[in-house]
Structures are given as C-alpha cells and as structure tokens.
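So the chains spell out like this:
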2 protein chains.
Amino acid sequence: MLEEIFAPQSVAIVGASPEPTRLGHSVLKNIVQHGFQGRIYPIHPSAQEVLDLSAYASVLDVPDSVDLAVIVIPAKYVLDVIDQCGQKGIRGLIVISAGFKEVGGHGKELERQLLAKVQHYGMRMVGPNCLGVIDTISRLNASFAALMPDDGEIAFMSQSGALCTATLDWSKTQGIGFSRFVSLGNKSDVDEVALLRAWNADPHSKVILAYLEGISNGPAFIAAAREVTKNTPVVALKSGTTVAGTRAASSHTGSLAGSESAYEAAFAQSGILRARTMGELFDLAMAFSYQPLITGNRVAIVTNAGGPGIIATDAIERSGALKMAEFSPQTIECLKKHLPASANFYNPIDVIGDARSDRYEAAIEAALADPGVDGAVVLFTPQAISDTEQTALVISDLAAKHNKPVVTSFMGAYSIGSALELLNQRRIPNYQFPERAVQALAAMAHHRDWRQQPTPEYATFDVDRDRVRKLFEKVRESRRVELGELEAREVIEAYGMRLPQSRLARTPDEAAQIAAEIGFPVVMKISSPDILHKSDIGGVKVGVSDTTAARDIFELIEYRARKYSPDASIWGVLVQEMVRKGREMLVGIKRDPQFGPLIAVGMGGIYVEVLRDVAFRLAPVSRQEVAEQIRSIKTFPLLRGVRGEQPADIAAAEEVVLRVSQLVTDFPEIVEMDINPLVVHNQGEGAIVLDARIILA
Amino acid sequence: MLEEIFAPQSVAIVGASPEPTRLGHSVLKNIVQHGFQGRIYPIHPSAQEVLDLSAYASVLDVPDSVDLAVIVIPAKYVLDVIDQCGQKGIRGLIVISAGFKEVGGHGKELERQLLAKVQHYGMRMVGPNCLGVIDTISRLNASFAALMPDDGEIAFMSQSGALCTATLDWSKTQGIGFSRFVSLGNKSDVDEVALLRAWNADPHSKVILAYLEGISNGPAFIAAAREVTKNTPVVALKSGTTVAGTRAASSHTGSLAGSESAYEAAFAQSGILRARTMGELFDLAMAFSYQPLITGNRVAIVTNAGGPGIIATDAIERSGALKMAEFSPQTIECLKKHLPASANFYNPIDVIGDARSDRYEAAIEAALADPGVDGAVVLFTPQAISDTEQTALVISDLAAKHNKPVVTSFMGAYSIGSALELLNQRRIPNYQFPERAVQALAAMAHHRDWRQQPTPEYATFDVDRDRVRKLFEKVRESRRVELGELEAREVIEAYGMRLPQSRLARTPDEAAQIAAEIGFPVVMKISSPDILHKSDIGGVKVGVSDTTAARDIFELIEYRARKYSPDASIWGVLVQEMVRKGREMLVGIKRDPQFGPLIAVGMGGIYVEVLRDVAFRLAPVSRQEVAEQIRSIKTFPLLRGVRGEQPADIAAAEEVVLRVSQLVTDFPEIVEMDINPLVVHNQGEGAIVLDARIILA
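The rules we used
- Residues numbered from 1 in each chain as written.
- Chains lettered and ligands numbered in written order.
- Predicted model: local features only at pLDDT ≥ 70, side-chain atom pairs only at ≥ 80, totals over all residues.
- Least-squares fit on C-alpha atoms with pLDDT ≥ 70 in both.
- Contact = placed C-beta atoms within 7 Å.
- Helix = DSSP H or I, 4+ residues; strand = E, 2+ residues; numbered from the N terminus.
- Nonpolar A, V, L, I, M, F, W, Y, C, P; charged D, E, K, R; others polar.
- Pairing = 2+ DSSP bridges.
- Buried ≥ 20, exposed ≤ 12 C-beta atoms within 10 Å, placed from the backbone.
- Domains from an automatic or database assignment.

So, on to the relation of the copies chain A and chain B. Superposing chain A onto chain B requires a rotation of 180° together with a translation of 0.0 Å along the rotation axis, leaving an RMSD of 0.2 Å. With respect to symmetry, the two chain copies, as superposed, fit the operation of a two-fold axis. Both copies contact each other with a shared surface, as 100% of the interface residues of chain A are interface residues in chain B too.

Shown next as structure tokens:
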C-alpha cells in the first residue's frame, strides 16, 4: 500500500526554505496548510525555523523518527541526503529535484546511483523530477502544486507533471475530486506497476486513472493490471503512439516507447480501458467514481426532446457494448398512465418539451424499475417551462434508490448552472453532449464484461524442450541467428506441430521407395546448403505421381543442380508429402522490447500482405485469448466457411498458436518467428505447417 | 437570400397575446426587445394594444405593408390566416404553430394544404412546428427562445427545436455568437436546401452548421451543398444513422431517413464536413468562424509541457489531413537564440514549464514566420510562474499578424478563466484538450483541399439509349421487373461495355461452326426461359476445346435439359467466348430513396461478401470521383498488382463505372443492378462484363 509515501506519520522536507519563491518553501507550505496531521520537519542548512516550525540541519538531527522525506534540493546534493535518510531509517522518499535521467549523460548516471542507494536502504521512492504526491485521505500535499484537489475517489497518476497541474486546475471548477494524485516523474523506483499494486482494492479509490508515455516493465505491468482490474477499473491514456508521437516521447522522457500493437494487446489482455483523449479519461473517471457499476448492457433513454434522443440512440448502437432496452408491457402501461398522449412510451422515452420534473420522475422511475433495464441516460434541454433544479434532484434521488447507473446530459450552460452543481454534488455524472454520456456508460459495460470473464486457462503441452535447447546452442555456436529450413522443422516438430512428412533420398531408387511409403503424389526438392533459391534452378517438382516419375525426377533435379551450381554440395533430394489444399494462415511472433513476444495471427497471403488483417496478442496467451484473437480478424469468416464451404479446423489452428506461445515463452531468445503458411484443413482434419522461419537474438 | 424571412421591413405577429404566459406573447416580446428596427404589428382578435403596440384583428387591418408574418395560433386557424396573408401580399412566413405532419393523420393533410396555399401565394415559409428564426444582423428574434444569441459569424440550422434552445443556452456562456439561427421544424417549404442557397456566400456567415435528422431532397441538397462549400464551409451533424437511431427518427419527425452509405457518399461528394458529435460541430464552427482558412497542412506545435505536446503530435499524425511542420534552419537558429538551452527547438517546440509570455512570443513568432508552417497549435498548462493573460494576448496578436490559423488548448479552468475570455474575445479558438484543437485544424485542411479540387469532369459516352428504352418498355409490358440474361446483355452492350461473344446454336453443327468462329475454348450453356439453375442440371460446360467436342456437348446438354426439365421450352445452346482469368470486381447500384442511385464498387467474391470492402458514390459520378472511389477500397492494391503481378486495367474499370453511372442516370427506373463479376485484365487489355443483373421499379 506504500504507506510510507501516502500515509506517513512524520515528514521531513529537505530543502524547506524560508524564502517564499523557492520550491522547497512551496512544498512545506502545502504540507502545512492542507491539514496533514503528522509531524513535520523542515530541513535547512542554517534556518532555525521555517513557517513557524523548528528546522534541522539534517534529517539525522531530527529528534524523533521520520517516515517520509520530501527532497527539493539541487541534484548534486541528493545522493548524500539519501545516505542520511538511510541512516535515519526513513522508508519513503519523494524526490522532486530535477537534473537526472531527463538531462541525459551525467544525469543518467546520477539516477542510476540514486536508485542503487534507494534499493540498498530498502526505501521506496517517487521521482526524481516530479511535481510530488498528494493524498486527500491522509491530507498530505507533498507537492509544489498551486492547488489542493477536492476529496474524491479517483486515484490519478501521470508521467507528465504539466498534465498534473492542468488537471488539478481544471478539476477545481468541475468539482471533481481525487483520493491520490501522483506525479511519476522519471519513475526510477515507484512506477505505474508499483502504484497499480499499491492501489489494488484501495477502499478510497473507485477508479484509477493513468497518463502514460511509456511503460517500464511490460510483463509486470500486465500482471499487475490483470489483478487490479478485477477489482477496480483502470483507465489509461497512453500517448506517443504514432510515429511522430513516439519521437517526441523519446526526446521528452528518454523512455523507450513500445509499438502501438503491443500496447493495444497489453491493454486488451489486462482489462485496461483505453482513453483516446484527455476528455475521455475524465468522462470515464466521473462515471466510475460516481455511479454503481452497470450489471448488464440494456440502457433506457429519457429525454425532453427528440433530437438528443436520436443522437443518444445512435451512440448506443455504435458503442458495441450497449443496446437499447426493450420495456416490459407493465413499464409501457405505467408510462402511458403518467405521461401525456403525445409522449413516446418506447425507448427513447420522450417526455416532450413541456415536461416538468414530475414527468421526468415518472419516466425514470418506470424505466429503472423495469428488470430489463440496467442503466439510464437522462437528457435534458432547457425549455421555458422546465424546473431544471428540481429535475436534477429527482434524477439523483431515483438513481440512488434503484442502484443502477444513471448518467445525464443537461445540454446548455447559461440557465442550468445550479442544476449542474447539484448533479455533481449528488454524484450524477453529467456530460455536455449525449454521446459522451453514452460512451461513459459503454466503458462501464466493457469493464463489467471483463470482470465477469472466467479465469484464463493456459495450455501446457508435452513438448521436447531439451531438443530445442540443444539445437539453439548449436546454432549459436555456428554464429548464426537464423535457423535453416531443417532446423526450423525440428523446432516445429519438437513442439508437437504437424509438418509434411519429408525424407532425404540419396539415390533414384531410394526416392521411389520413400515416395511410395509417404504416398503419391509427392513433392521433390533438391537438398543443398548452398542452393537458396531452389525453384529458380528447377530444383523443385510438385505432383510427382508414381515410382517411375520419382526416379526420373531425382535424376533431373540432380542434373540441373550440378549444371547450374557446379560448386554446390548436394545432399540429395528431399521427398515430401504433398499437402492438400486448405485455408492458409500466418502465425508469427515479434518480440516487443517492452512487452515480450507479440503473436500475430491472420489469414495468409494477400489478406496479411495487402489488407494487413492481423490480430495481435502478447504471449503467453490463454485458450480464451487465442479463441478471441482468431475471431477478431476480419477474414475470420473464411475459416468458418463461406459459399457453402465446410468450416476449417479452427481448434487445430488455435492449438498451433498456443504451442507457438509456449515455444516463445520457453525460449526468450526467439526474437522473430513466422509460420507461413499454416495450412488449415476442414474441421477435424488438422493443420499443418508448410514453412517456418525462426530468428534468434 | 430569403430577405422576407431574415431581413423584413415589417413584421406581423399573428397570435400576439397580451397574456405573458402565451407563446405569442413571448415571440412578440423577443421581436420588440432585441432591437429589431422595422415596424411591428401584433395581430390579436380583441386586444387594442399588446406590449404598448397597436394591435389589429387581422393582417388585413394593418394600415401599412407587411413583409413577414409570424404565426403562433392553433393549427386549425392557420389556413385562414394564410389566405389573409396572401391577400395582404405578405411574402414571408414563420409558422411556429404545431399540430401538423408531426402528429400524423389529419395533421399531415393540414400541412399539405398549408404548403399548397404558401406555394399558391408565392410565399416562403419556415416551419410549421418550429421554435422560430433569429437573425443577429437585422436584430430580428422571431422565436420563443428564452435567449438572444450573441453576434457572430456562424449560421445555424436545426431540425430539432430542443437542440436550438440547448445550443443557445450553451453558447451564451461560451461567448459563441451566431449570424442566423433557424429552427427548421417540419421544413415544409424552407428546408436545408433553401437555407444553403440563401446562405451561399453570405458575407455575415463564415461557416454554416446544420443539425439534420433527414434530408428532404437528396439531389437538390447535393447540388446546393456543392456550390456553397466552394465558398463557405458547411459542418453537418446527421443523426438517425444507426438502425435504432433511424427508428427513432421516423417516429420523431416522420422524415424518411436515408441509408448511412448514401449520406456518407452525399457528404463526401458535396464537400460537407461531417461532425460525429455535437461537441465536434461547435469545435469546428469556432475554428472556421474565428480564424483564417489554413493554406496548407503543415502544423507547428508550441507547448510549455512535454505531455500535451506528445498528445497533440499523436493527434496530428492520426488526423490524415495534417502533418508536423519541419522548421527551416533559420527558424531553429532563431529559436535557439530566444529559448533556454533545455527547450526543444524542433517541432513540437517545448518552451519549458517556467516559460513566461516572452518565450511563447519568440517561439510562435519564429514558427509562424517560417514559410514551411501553415498553422499552429499552442498548448498551455498553468504553472506557478506563468503570466497566463499576457500569454493569451501574445498569441492573439501574433495570429492576427501572420494571418495563419492558430488554435489553442489552454488546459485547466480554475486559474485561467480570464485568459479564456481574452482568447474568445480576440477570436482564438480554444479547446479544453489538445486533441480537439488539432481536430478543428484538420477539418480546416480538409475543407481547403475540397475547395482546391478542380471542377469535376463528367463523361458522356455515345450510347444507344433508344434501344434500352424500347427494351425496358417490352419488359414492363410483360409485367416483369427483373431482366433476363439476354436482356441484361443487351443493355450492357447498348451502353458500350464489353461482353463475352455469345451466339445461339440450334444444332450441333451450328454449335461447332459458331465455336470455331469465336475461337476455342468456348463455354456452352443451355438456353431456355424455363431453366433457371443451368449448372444444377448439367446444362453448362466450360473449356470446350474443338469442333467435335462442341457437337458432342450440344447433344449432351440438350439431352440433359429434356431429361431433367421435360416441360421446358428449349431455345438451343449458347456458345460463348471463354474469358481469360483476370481480377474480378463488383460494380453495382441501389437506388436510395432520398439520394437516387448509389454506386457500389469493390473487388468481387469474398472481398465483397466477407470483408464488405465496398466504396459508395452517388450517381452521376465524375471522372475524379470514380478514380477516388476505386482507390478508396482497401483491396485496391490487388488492382495495382501484388507479388509482382502486372497492374490491372484500372482505366477500363473506371470507364465501366462511368458508363453504369450514365445508364442509371438516364433510366431512373433501374432500382438495382449488379455487374458481378467484371473481369479486369492487365493494363491496356480492357475489362469484360461476365454477368449482369438489372431490376426495374
């Protein structure tokens, strides 16, 4: 829970200056004036008192124990102070000082030493190069922010200090409050993973918001996020996603930005809701922190105007996560009893422009009481006759009574100011436009779906790991990174994936015999380490149909090889099973520097090359994730069968992906791998790897 | 210009009640109190005076001429009043009264009669069932809106009266003003087309906003919009797009909502910018009404914080319309001279958190002076040292000086209120979050691209229209709607598209002779009006390779036809050219009830069936539109050639689309048509229609 950072009993402020223009002064003042109840010790080389508190020359001089030190001194003095903190037994650090990794060169080295000391003393540190930490539960404002946020149930972390100040500034007029508020800075020690873990099931936080420019440790992030999101929704805005954006990220924080596909996969696989804009981040935060989680996807709309009702209906249909509720006959009966004849009694309920709060009350009560309704969007446009504040009160009372989420869009501003305040006080999320209200509710439904997903099942197949390990050793010894065709076959075989049968013939008779054993027709290929483009020299023949042909082709291929590559060493001719046609897929991996192996799945050939119809997941993948991954490609209908075709053996394709996942998890040295094509036969008939390429680090 | 509505010299208010709770009273009060300079005549059956103005029992009693009548009386009295207005020579009407089409049944009939009278007298009418009309130029507020909008250069029309009131209410606190503000109501006479025409090149309106639920006359709308958008940007929010949304639209206004693809095509082909949300509608309005149009797509970002800079960079890259400007060496030199060493001198320019307005000034000046910069996004997060208002002033001064569009995102609210007011006064569009600022600038770039497009060229081919007309007559006489195969062939041929050669053989010898003339191999098919599924009875044979085979196949096919369909009348056997393989396309049309023929183009087979990779345009299409249409399908690379293939004859495919466009424009009775497949051969080798289906109304 990082108590030493968020709820210390005593705090020392190193660099607490009596000079009001200094940052250290601002930090001390923030701690003193916002109600922190613990002991406060200004540390200053010479001052006797700062802000009426006794000051000390060093933390070592403080007569009592200290839990947290906030450090606001030039970078070059920080290391010594850390030693003193260590000796003093201080457990928590917030290093506001800049001049570390972000300045490059010497700063990078300084930060390395800083972290080493922090770890040596077993401390936890936020920063360096940050705005600080605010906790409204312990009333600790250990930052140089100009404002103290209102109380609330949103935990917020940001990799950008400026976004922290902008967010605070904005939140004050919106009446949006926070439980914890952390500027991550260079996140040398405490990073997004540590905070996710610390805030897991935090009773004071109903939602966690994160603004991230890069993630330090992908697998740890996923593991932490998976756990947390089963209790608390996490909404993240990840910037630096596009090419130019990534460039800016590198120069800004020096953090290595991961590829966009890896982030998409990581967020999807760990249940993180991804906000596309700053606006969305806070739209979702409001819904999650104010309202109960939606328990289904059926939404009622209540409006006093047709236009906004249509806009909200459109947004619900487009959301993918919600649908329009269908009312029970009782509900419609009840609406007819309480609303004028010109109203619309079906969803969206239109209470008509001359509605006062009593009509809103009747309509919302009827809708929320319907067991076929899981949540409501209430729309309001100010009309001459409207009793706007009373309408706001009625909405909040009914929302509380029914314990179903209600979001509103009171459109306008001029004549509805006090109603907006009321809604906010009574924790009804209000949005300027109907679409945003719907989007927030849709995010709730997404989160609920995620929480209800069963525990993922991971498959572990019985494979020959040793054989692959030895093979990789051999490849490394020969100072190669790419495996040859036969080596790749061996790996595929060791991990239990089917390959076409294939044996080397050294004579025409042997070729005929092998071909007869495999069964006709067969494919024959020259086998030589020196001939790369076998087809170009006529060294490949498909559809060899009998023993006579097999003998002839052996001689022909051998003749051509010797003729066109006189210096090549010829091992013989490979006789291979000729694989029946089937649907071709690509299964590949590419190791992402931050998240590890990213598995790509798509239909082979032009579907991948031209349409780029590929779905990504990070390994290891669960059975459910693979099933979902394959079904998420646009060309999935080709596997299910089109134009009267039989369905393909999708289960066999899934198994190949799971085996590849196991392989690349077992062997982190695999940086790239392509199975292309994987030929998938009809249901029950399996899938077979026609070609594989494996590249080691 | 609809002067009679927007700028009358005199107005009569029919139903101007002395009773303050009546709508007619509100309307009169609005006209009186907001500065309208013309004569005002309250019309009331008994009152002598209303609001200190002499009242008259009827418009006929008014001693002077009347230009505009605003009608606020029960529906049943409206027709008589219209007659009086007609006799009085009144040219403009605003009918606020409800009880017409929107209530169905009798109301529908009443509206029909109303429109007939309006047209009979040569009047123009807004409404019925509307909130009214506001014009801030003539200071006429002929509405029952509770507010008068601020002056501004945005012309606004809305099919929803409630959205009008909500918009007015909201605009008052945003400082956003309007030139014209129209509630369309049932838009019986004056509709979106009439307003577009009226507002074309209106010197008082820099942008036109429209909220539409349906469009009355698709082709007229496109024609008007095409003209207007070359002068003035039009931003439209069209709701009722999804299935459920459409249902709500029908029940709300009784307007027939067109299909989503038709709207997409109509907006794209007429240069209308489509807003997806209410928020976007006003985001764009602000940019267009406040700033000069962007003249290129290269954008500079100036920020005092890295995070928002990255967010904006991402948004620019994602926009599709903008790109990050690259600064000249002089600009970078200049930035280095004026900014501290820790600043970022490349795009995005980071003036660092401790920047005051002088640094913003230096950075923006340098960026806007660079000829490689077409516009700027300025981001600001409030910091302790910031001089926020001065920064706002500096930005607006430099924007005015350079005449390049500048948009801002001052993030926050609490400490930046007066700066936001300043920005608004000085016509700098400010957005709460950076993404929205970028989106507004991107819309500008889109609009500029549209305005720079050359005049569209329409192709008119020399075709045999008469032959098709006669054929259609024959089909109608036989009481069919679907054309038979030979009939469809005839239409395709008459419009100059290539078909495989095909002739009817009545004997085996004739078949052999025709086949020899066409050239082997050929396809042979049973020809019978009674056999629909020819393949199922073995009535089709491909690859017939010589005269002997042609004779044999004739007998075989005839034998099978007689055996399996003993009652069928057999015309003979069709001998057809066997078309070489090529890339298969689909070219189809479906007549949209509002916009007319919607042409679909896609790659044939599973690309259309499974991937639904189709692009739509409305006929008639210009050469440029067809070129763009074909290039906009995702599978277009297949036509360009993949994996070393030759490019296909794209020009030939384009010509087929143009000929189809001409055909369906010439014959409105064609409601559906499919050319599937169109076989497109390699470049220079043409395209050939293999199968066509045509359905008449």
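This part takes up the interface of chain A and chain B. Every contact between the two is made by 66 residues of chain A and, on the other side, 67 residues of chain B. Elements that contribute at least two residues to the side of chain A that touches chain B include exactly α5 (161-174), α8 (243-253), α10 (278-290), α11 (306-319), α21 (606-609) and α23 (636-640) of chain A. For the side of chain A that touches chain B, the element with the most residues is α11 of chain A, which contributes ten residues. For the side of chain A that touches chain B, a count of residues per class yields 31 nonpolar, 26 polar and nine charged.

Turning to the environment of Ala321 of chain B, a few remarks are in order. Residues and elements named next belong to chain B. Position of Ala321 relative to the elements: it lies in the loop between α11 (306-319) and β16 (323-324). Sequence-wise, Ala321 and Lys117 are 204 residues apart; in three dimensions their C-alpha atoms are separated by 48 Å. Those residues within four positions of Ala321 in sequence are excluded, and the remaining contacts are Asn297, Ala442, Ala445 and His446.

All names here are of chain B. Reading across the sheet, the seven strands line up as β9-β8-β11-β10-β12-β13-β14 and stay open at both edges, with mixed pairing between neighbours. Of all the strands in the sheet, the pair left with one neighbour each is β9 (140-143) and β14 (273-274). Pairing of strand β8 (residues 132-135) with strand β11 (residues 177-183) involves three bridges; the strand directions are antiparallel. Residue pairing in the sheet places Val133 in a bridge with Val182 of β11.

Let us now look at the environment of Val377 of chain A. Residues and elements named next belong to chain A. Mapped onto the secondary structure, Val377 falls in strand β18 (residues 375-380). What makes Val377 buried here is the crowd of 28 C-beta atoms within 10 Å. Sequence separation between Val377 and Ser409 is 32 residues; the distance between their C-alpha atoms is 7.6 Å. Discounting residues that sit within four places of it in the chain, Val377 has contacts with Val299, Ile301, Ala312, Val407, Pro434, Ala437, Val438 and Leu441.

Time to look at the domain arrangement of chain A. The accessible area lost on association of the parts is a frequent measure of interface size. Residues and elements named next belong to chain A. Parsing chain A into structural domains produces domain 1 (1-131), domain 2 (145-290), domain 3 (293-452), domain 4 (465-577) and domain 5 (583-696). Taken together, the 21 residues of domain 1 in the interface contact 17 residues of domain 2. Broken down by secondary-structure element, the contributors of at least two residues to the side of domain 1 that touches domain 2 are α4 (106-120) and β7 (124-126). Here the residues of the side of domain 1 that touches domain 2 are counted per class, giving twelve nonpolar, five polar and four charged.

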